[in-house]
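# Survey of secondary and tertiary structure
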Amino acid sequence: MTIALTACQLNGDMTKTQYQVFVNQGDSLPLTKIQTIDGDTINLQNQNKRKLIVLFATWCSDSNRLLRALNTSDFVVDNDIEVVAIAREEDAETVALWRDINEINVPLAIDPNREIYQRFASAGIPRLIMVTKDNRIASMVLAEGYKQLDYIQW
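The paragraphs below set out a description of the structure included in this document. (Residues numbered from 1 in each chain as written. Predicted model: local features only at pLDDT ≥ 70, side-chain atom pairs only at ≥ 80, totals over all residues. Heavy atoms only, no water.)

### Considering the environment of Asn 113
By the secondary structure assignment, Asn 113 is in the loop between β5 (108-111) and β6 (127-131). Since its relative accessible area comes to 54%, Asn 113 is described here as exposed. (Helix = DSSP H or I, 4+ residues; strand = E, 2+ residues; numbered from the N terminus. Buried < 20%, exposed > 50% of the residue type's maximum accessible area, 1.4 Å probe, protein only.)

### Considering the pattern of salt bridges
Think of it this way: side chains of opposite charge can pair up when their charged atoms draw near. Summed over all chains, the structure comprises nine salt bridges. Between Arg 50 and Asp 80 there is a salt bridge, with its nearest N and O atoms 3.0 Å apart. With Arg 50 in strand β3 (residues 50-56) and Asp 80 in the loop between α2 (61-71) and β4 (81-88), the pair connects residues that are 30 residues apart, well separated along the chain. By relative accessible area, Asp 80 is classed as partly exposed at 23%. The network of salt bridges with shared partners includes Arg 50, Asp 78, Asp 80 and Lys 133. (Salt bridge = Lys/Arg side-chain N within 4 Å of Asp/Glu carboxyl O.)

### A closer look at the nonpolar core
Ile 53, Ile 86 and Phe 120 are the most contacted members of the largest nonpolar core, which totals 22 residues. Taken together, the elements giving at least two residues each to this core come down to β3, β4, β6 and β7 (137-142). Ignoring sequence-local partners within four residues, the contact set of Ile 86 consists of Leu 31, Ile 34, Ile 53, Val 54, Leu 55, Phe 56, Ala 109, Ile 110, Asp 111 and Ile 116. (Core = buried A, V, L, I, M, F, W, Y, C linked by side-chain atoms within 4.5 Å. Contact = heavy atoms within 4.5 Å.)

Shown next as structure tokens:
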């Protein structure tokens, strides 16, 4: 369990595990909207903004590192980008407490049954999904390790 918490996606020989993915570059975003844990609805079909979707878990050290970095980045204040982070297999109370403790200001949503996550991949977090203004997947990456924001590219 300790290994899983400190290296969310590494196998025993410390190499990245490859997971099956269900979307590819150029595919339409398989979500139209999502409700945050605060009750706000985010329109993911807005053609005036690029989208950055983060699939994460509060217990994952890589996810925590990514969300803390994202929280203080220019991405969250860029009016041209819609950002939302979706917690996989967690409830709103747990995610809200985690947000408050970590002072995260990124909009957060939950995916308690992996229904959203399963539209993108079979396993592996944190995932960054970059979406163009015309709602096409620009790229999706497993953002492990350090300097995770360097993966964000449209």
